[in-house]
Amino acid sequence: MVQAGSRRAHVVGLGLIGGSVALGLRSRGWVVTGTDVDAERCRRALAEGVVDVAEPAGCAPAPPTGADAPQVTVVATPAGAVADAALAALAGGAPVVTDVAGVKAPVAAAVADPRFVPGHPMAGSEQVGLDGADPDLFVGATWVLTPTAATDPSAYATVAGVVTALGATPLVLAPEVHDRVVAVVSHVPHLTAATLMNLASTAAVEHGTLLRLAAGGFRDMTRIAAGSPAIWPDVVEANREGIVAVLDELIAALGEVRTVVAGADRRGLLERLDRAQQARVNLPAGAPDPARTAEVRVPVPDRPGVLADVLGLAGELGTNVLDVEIAHSAEGARGVLVLVVDDAAVTTLRAALAERGYRSATRRVGA
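Here the residue numbering is sequential within each chain, running from 1 through the sequence in written order. For a predicted model such as this one, the threshold for reporting local features is a pLDDT of at least 70, and the threshold for listing and counting side-chain atom pairs is 80 or more; totals across whole chains, interfaces and linings nevertheless cover every residue. Side-chain metrics rest on all non-hydrogen atoms present in the structure, leaving aside hydrogens and water.

1. Details of the overall build of the protein chain
Link 1 in the chain: Here a strand is any run of E in DSSP of at least two residues, a helix any run of H or I of at least four, and the numbering for each starts at the N terminus. Counting its regular elements, the protein chain contains 12 helices and 13 strands.
Link 2 in the chain: Evaluated residue by residue, the protein chain yields a buried proportion of 42% over its 367 residues.
Link 3 in the chain: Residues are treated as being in contact if the distance between any of their heavy atoms lies within 4.5 Å. Across the protein chain, every contact between residues at least 6 apart in sequence was considered, and the portion connecting residues at least 24 apart equals 65%.
Link 4 in the chain: Only carbon and sulfur atoms are counted for the fraction: they give 57% of the accessible area of the protein chain, which is about 19100 Å². Buried residues are those whose accessible area, probed at 1.4 Å on protein chains only, stays under 20% of the maximum for their type, while exposed residues exceed 50% and partly exposed ones sit between those limits. We get accessible surface area from the Shrake-Rupley algorithm with a probe of 1.4 Å; when it comes to residues, only the shown protein chains can shield them.

Dropping the structure here:
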């Protein structure tokens, strides 16, 4: 039985990510409704406890209103359908809508509504659909949010709260910056893994034992090629300019490696391998210990774009904003953004804010 006052969410698209969002929120006490174009998937999601209520999109009733209305709608459709699904949810009266698509600039441009907060969880699985859905898929993951000048701060706070509830760490980037960065860390790596896997598969036709000899390194590097191919045409089409630019850089870098190898340049090879090793071992391990966090309080004017400006700056610096509070002033059109960040990031963040004209103050959390 659903208790009055329960937190509620609605998920559009019950595949791997949407199913994981639904399972994750339900496991944390939320009531979750869902819809999908696939009627059989809806039946299965309901039968397996992924959602409380599920209907195929073709005959789904409007989401509940009033006290039973979902506080947030999460659009987890393929990338090409996100804008239409988000606009439909907003037109239906959804108070806050977010999405999980891997490309953000086209979506943010198409859905310029204060209640929409574009998002992208940096998590996934080589399993497909509901078979891979996991309530803890996002625990420890980075979840990029890309608010724009139109974004309502309260809508951002709602979505950031959902992200945190799922165990992820919100990171704010401008939509265009997200798309450039994700081309490097997600899109091109997937295409590279698939290409290498195809190369090995072709060679295996001639050398039947080749794939049987594949060691751990090869398996680790090509693991993501086992993911669902169906999502990638939309992603690549939407971010083709960023992907092509990174592919050109990769091809040029591989050309340099080829020259080093062909010339038996031991020093050049070691320099490249050492640089790569240091970069790899210094990858961020995840969110900081809560005991090592601090509040940065930033007085801001109450105008559109301030939230995106401040949080976008933090994202550009690589600063994880673990929590956000918006305190509106009763006097005048001003308020205070309260950002909870890692202690180690405070000095750099405050200096960058000052350069952009924002005053700030700080205190240790729990001090």
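Back to the text.
2. A word on helix α11 (residues 306-316)
Link 1 in the chain: Burial analysis of α11 places nine of its 11 residues in the buried class, the great majority of the element.
Link 2 in the chain: Every buried residue of α11 is accounted for by V306, L307, A308, V310, L311, G312, L313, A314 and G315.

3. Looking at the side chain of D99
Link 1 in the chain: Topologically, D99 is positioned in strand β5 (residues 97-99).
Link 2 in the chain: Residue D99 is classed as buried on the basis of its relative accessible area of 0%.
Link 3 in the chain: Within the local environment of D99, its side chain forms a polar contact with the backbone nitrogen of A101, the two atoms lying 3.1 Å apart.
Link 4 in the chain: Filtering out sequence-adjacent residues up to four positions away, D99 remains in contact with V75, V82, K104, V107, F116, V117, P118, G119 and H120. Any N or O atom pair separated by 3.5 Å or less is treated as a polar contact, with the protein-specific requirement of one donor-capable and one acceptor-capable atom, and with residues adjacent in sequence counted only for side-chain atom pairs.

4. Here we look at the sheet that holds strand β1 (residues 8-12)
Link 1 in the chain: Pairing is parallel across the open sheet formed by six strands, whose spatial order is β3-β2-β1-β4-β5-β6. The sheet is open, and its two borders are formed by β3 (53-56) and β6 (116-117), each paired with just one other strand. For two strands to be treated as a pair, DSSP must find at least two bridges joining them.

5. Side note on the nonpolar core
Link 1 in the chain: Grouped together as the largest cluster of nonpolar side chains are 57 residues, with contacts concentrated most on V21, W143, L145, Y156 and L339.
Link 2 in the chain: Those residues within four positions of V21 in sequence are excluded, and the remaining contacts are V11, V74, F138, W143 and L166.
Link 3 in the chain: Here, nonpolar core refers to any group of buried Ala, Val, Leu, Ile, Met, Phe, Trp, Tyr and Cys residues whose side-chain atoms link them within 4.5 Å. In terms of nonpolar packing, the next biggest core, distinct from the first, is built from 18 residues, V12, A85, L90 and W232 among them.

6. With respect to the environment of H187
Link 1 in the chain: With respect to the element layout, H187 can be found in helix α6 (residues 175-206).
Link 2 in the chain: For H187, a relative accessible area of 1% corresponds to the buried category.
Link 3 in the chain: Linking H187 and G242, residues 55 residues apart in sequence, is a C-alpha distance of 9.4 Å.
Link 4 in the chain: Leave out the neighbours within four places in its chain, and H187 touches G102, V103, V182, W232, V235, N239 and I243.

7. Considering the packing of aromatic side chains
Link 1 in the chain: Each Phe, Tyr or Trp ring (for Trp, its six-membered ring) is paired with any other whose centre lies within 6.5 Å, and the angle between the two planes then decides the class: stacked below 30 degrees, edge-to-face above 60, tilted in between. Counted according to the given criterion, the structure contains one aromatic pair.
Link 2 in the chain: Between F138 and W143, the aromatic rings sit 4.9 Å apart at their centres with planes inclined by 50°, giving tilted as the arrangement.
Link 3 in the chain: For F138, a relative accessible area of 0% translates into the label buried.

8. Some details on the sheet that holds strand β8 (residues 142-145)
Link 1 in the chain: Judged by pairing direction, the sheet is mixed, and its three strands sit side by side in the order β7-β8-β9 without closing on themselves. Looking at the sheet topology across the chains shown, the edges are occupied by β7 (119-121) and β9 (169-172). Within the sheet, the average angular offset between the axes of one strand and its neighbour, ignoring direction, is 25°.
Link 2 in the chain: Pairing analysis gives four bridges linking β8 to β9, with the strands arranged parallel. Note on geometry: axes are C-alpha line fits, over the in-contact stretch for helices, and angles between N-to-C directions span 0 to 180 degrees.

9. Remarks on the pattern of salt bridges
Link 1 in the chain: When a carboxyl oxygen of Asp or Glu lies within 4 Å of a side-chain nitrogen of Lys or Arg, that pair is called a salt bridge. Here the structure, examined in full by the defined rule, presents 13 salt bridges.
Link 2 in the chain: The residue R28 makes a salt bridge to D136 at a minimum N-O spacing of 3.3 Å. Taken as a pair, R28 in the loop between α1 (16-27) and β2 (31-36) and D136 in the loop between β7 and β8 lie far apart in primary sequence, 108 residues in all.
Link 3 in the chain: Classification of R28 as partly exposed rests on a relative accessible area of 24%.
Link 4 in the chain: Judged by relative accessible area, D136 falls into the partly exposed class, the value being 45%.
Link 5 in the chain: Among the salt bridges present, the one from R43 reaches E40, with a minimum N-O distance of 3.1 Å. Of this pair, R43 and E40 are both found in helix α2 (residues 39-47), three residues apart, which corresponds to roughly one turn of the helix.

10. With respect to the pairing of β1
Link 1 in the chain: In terms of burial, β1 is a largely internal element, five of the five residues being buried.
Link 2 in the chain: Residues R8, H10 and V12 of β1 are buried on one face, and the alternating residues A9 and V11, pointing to the opposite face, are buried as well.
Link 3 in the chain: When β1 meets β2, the two strands line up parallel, connected through five bridges. Bridging across to β2, V11 finds its partner in G34.
Link 4 in the chain: In this fold, β1 hands off to α1, which returns the chain to β2; that crossover is right-handed.
Link 5 in the chain: As paired elements, β1 and strand β4 (residues 72-75) share four bridges and run parallel to each other. Within β4, the residue paired with A9 across the bridge is V72. We call a crossover right-handed when, viewed with both strands directed away from the observer, the connection leading from the first strand over the helix to the second proceeds clockwise.

11. Let's talk about the packing of α6 against helix α9 (residues 240-262)
Link 1 in the chain: Packing of α6 against α9 brings their axes to within 10 Å, and their N-to-C directions diverge by 70°. Taken together, α6 and α9 sit at an angle that is classed as roughly perpendicular. Each of A183, V184, H187, V188, L191 and T192 in α6 lies in contact with α9, whose residues at this interface are G242, I243, V246, L247 and L250.
Link 2 in the chain: Residue classes follow a fixed rule: Ala, Val, Leu, Ile, Met, Phe, Trp, Tyr, Cys and Pro count as nonpolar, while Asp, Glu, Lys and Arg count as charged, and any other residue, Gly among them, counts as polar. Classifying every residue of the contact of α6 with α9 by side-chain character gives eight nonpolar, three polar and no charged. What sets the label is the angle itself: under 35 degrees gives roughly parallel, over 145 gives roughly antiparallel, 65 to 115 gives roughly perpendicular, and the rest give oblique.

12. Thoughts on the packing of α9 against helix α10 (residues 266-281)
Link 1 in the chain: Where α9 contacts α10, the two axes come as close as 8 Å, and the packing angle between them is 140°. In terms of their interaxial angle, α9 and α10 are classed as oblique. α10 is crossed by α9, and the crossing has left-handed handedness. From α9, E256, V257 and V260 reach across to α10, where they touch G268, L269 and R272. Here is the rule for handedness: rotate from the far helix to the near one, and if that takes an anticlockwise turn smaller than a right angle the crossing is left-handed, while a clockwise turn gives right-handed.

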